[in-house]
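# Fold and geometry: a report
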Amino acid sequence: MTDRPETPSNRTGRHELLSYASMRERPPLGVASPPPVPKRPTAPSSRTQAVRAVVGVGSVVARLGRGRRSWVALWGFFLGAVCVGALGVAGALNGWVWPLIFLAGAVVVGVLVGRRPWLVVGMVVATGVLLSAPDGAVRYVGTLWLFVAAHVGAAAVLGFARRWVLGGTALLWVLGGLLPRTEREFWRAEVRAVLHACGDDREVRRQVVGFLAAVPATVVTGWRVRS
Amino acid sequence: MTGPRMTLQTQAVLAVLVERETWGFDLSKASGLPAGTIYPILQRLTAAGWVTSRWENAEAAQEDGRPPRRYYALTTEGRARATNALTEAAKHRTRLTGLLSPRPGGDPA
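Residues numbered from 1 in each chain as written. Chains lettered and ligands numbered in written order. Predicted model: local features only at pLDDT ≥ 70, side-chain atom pairs only at ≥ 80, totals over all residues. Heavy atoms only, no water.

## What about the packing of helix α9 (residues 181-197) of chain A against helix α10 (residues 201-213) of chain A?
All names here are of chain A.
- Running from N to C, α9 and α10 point in directions that differ by 160 degrees, and their axes come no closer than 10 Å. Taken together, α9 and α10 sit at an angle that is classed as roughly antiparallel. Handedness of the crossing formed by α9 with α10: right-handed. Across the interface between the two elements, W187, V191, V194 and L195 of α9 pack against V204, Q207, V208 and F211 of α10.
- Partitioned by chemical class, the residues of the contact of α9 with α10 number 7 nonpolar, 1 polar and no charged. (Axes fitted to C-alpha atoms, helices over the stretch in contact; angles between N-to-C directions. Helix = DSSP H or I, 4+ residues; strand = E, 2+ residues; numbered from the N terminus. Parallel < 35°, antiparallel > 145°, perpendicular 65-115°, else oblique. Left-handed = near helix turned anticlockwise from the far one by under 90°. Contact = heavy atoms within 4.5 Å. Nonpolar A, V, L, I, M, F, W, Y, C, P; charged D, E, K, R; others polar.)

## Some points on the interface of chain B and chain A
- In this complex, chain B contributes 34 residues to the contact, which on the side of chain A involves 31 residues.
- Roughly 2700 Å² of surface becomes buried between chain B and chain A when both sides are summed, with 62% attributable to carbon and sulfur atoms.
- Broken down residue by residue, the surface that chain B buries against chain A is led by F25, Y39 and Q43 of chain B, which jointly contribute 20%.
- Here chain B is connected to chain A by 1 salt bridge.
- As a salt-bridge pair, K29 of chain B and E203 of chain A come within 3.3 Å of each other at their nearest N and O atoms.
- In terms of residue count, helix α3 (residues 35-47) of chain B provides more of the side of chain B that touches chain A than any other element does, 8 residues in total. (Buried area = accessible area lost by both parts, 1.4 Å probe. Salt bridge = Lys/Arg side-chain N within 4 Å of Asp/Glu carboxyl O.)

## A closer look at a nonpolar patch on the surface
- Residues V121, V125 and V129 of chain A make up a contiguous nonpolar surface patch of roughly 270 Å² in combined accessible area.
- Mapped onto the secondary structure, V129 of chain A falls in helix α6 (residues 117-131). (Patch = residues over 30% accessible without salt bridge, like charges linked within 9 Å, V, L, I, M, F, W, Y side chains within 5 Å. Areas by Shrake-Rupley, 256 points an atom, 1.4 Å probe, with all protein chains shown as cover.)

## As for the sheet that holds strand β2 (residues 51-55) of chain B
All names here are of chain B.
- Here we have 3 strands laid out as an open sheet, ordered β1-β3-β2, and antiparallel in their pairing. Sheet topology places β1 (22-23) and β2 at the edges, where each strand pairs with a single neighbour.
- Inspection of the sheet shows β2 paired to strand β3 (residues 70-74) by 5 bridges, in the antiparallel sense. Considered in β3, the bridge of S53 is made with Y72. (Pairing = 2+ DSSP bridges.)

Spelled out as C-alpha cells, the structure:
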C-alpha cells in the first residue's frame, strides 16, 4: 500500500485534486484520524471590542425607532444632536448658552421617554458640570454630540433598511426572473431542493450566498446555452 | 463543440460525477463548492453533452416530504472525455508542482 501524503482538509478540495490519482485510493477502514488540536481562545483585539461596543449601542438605539411617536422622537433627537454638535464645534455658542440648551434637551427627553427619572437627573447633573467647564471644552462636547448624532442616524438607517430590504431567499426568487423561462423553473426547483436539504441556518446562509454570488454567471450561461 | 474550460471547480465537479450519479446538494458537499457555483458548471457540461440530468419521481419525493431532486450523471462520451481531461489536468498540476517545489542545495542568495 502506498503512503498518501498528508493534506490539510480543505472545503474546495483543491489540495485533494493536486493528486488526482491518489483520490482513486481510499484509506483502509478502521484507520483512526488524529484527534483535532483544541484551539486556544484568543482575546479579541481592542479594535474588535470597540466595533462590538458601537454595534451594541446602535442596536439599542435602533429599538427606539419603533412606532410613529418614537420614530418622530428619534429623528428629532438626531436633528437636535446634529445642530447642537455643529454649533458647539463651530464655537457659535457661548459658554453659558451651551449648558442651558443641554438642560432643555434633558427636559424634552425626560418628557418623551417617560418615567425615567434617572435619565433626567443624570442630564441635569451633566448640565451642572458643563456650567463649570471652561469655554474651550465646548468644542469637545460638540464633537461628542456629533458622534452621538451620527450613531443614532446610522442605527435608524440600518433599522429602516432591515425592514424594507428583501431577505436573501426572497431576493433569489426575484433574481431568478433574469433567467430564460425554462431555465428559471429548473433553477428555482434546484434552489428549493438544496435549501431544504441544508441541516442548519449556517449551511442555508452559505448556500444562499453561493447562489446569489453565482447569479451573474448563471444568467449569462443560461442565455448563452439557450442560444 | 469545444469542451468546457477545465477550471479547478469544473474538475472538482467532474471528479465527483465520474464516481457516481448525484444531485445538487450532495455534489456541493462532495466537491466542497456551494451549489450556486456548481449550477452554471453543470449548465455548460450539459450543453457540451458531457452530462445528462433527470428529475426524480415527484411522488417519491412527496412521500419523503421534500422537494423533488434533479440527478446529474455523465454520458458515455462525457465519461471518456472527463476521465481524459482530469488525467491531463492532474499531469499538468504534477508538472507545475515539480517546477515550483524548491530544489535541494539551491543557492539561497
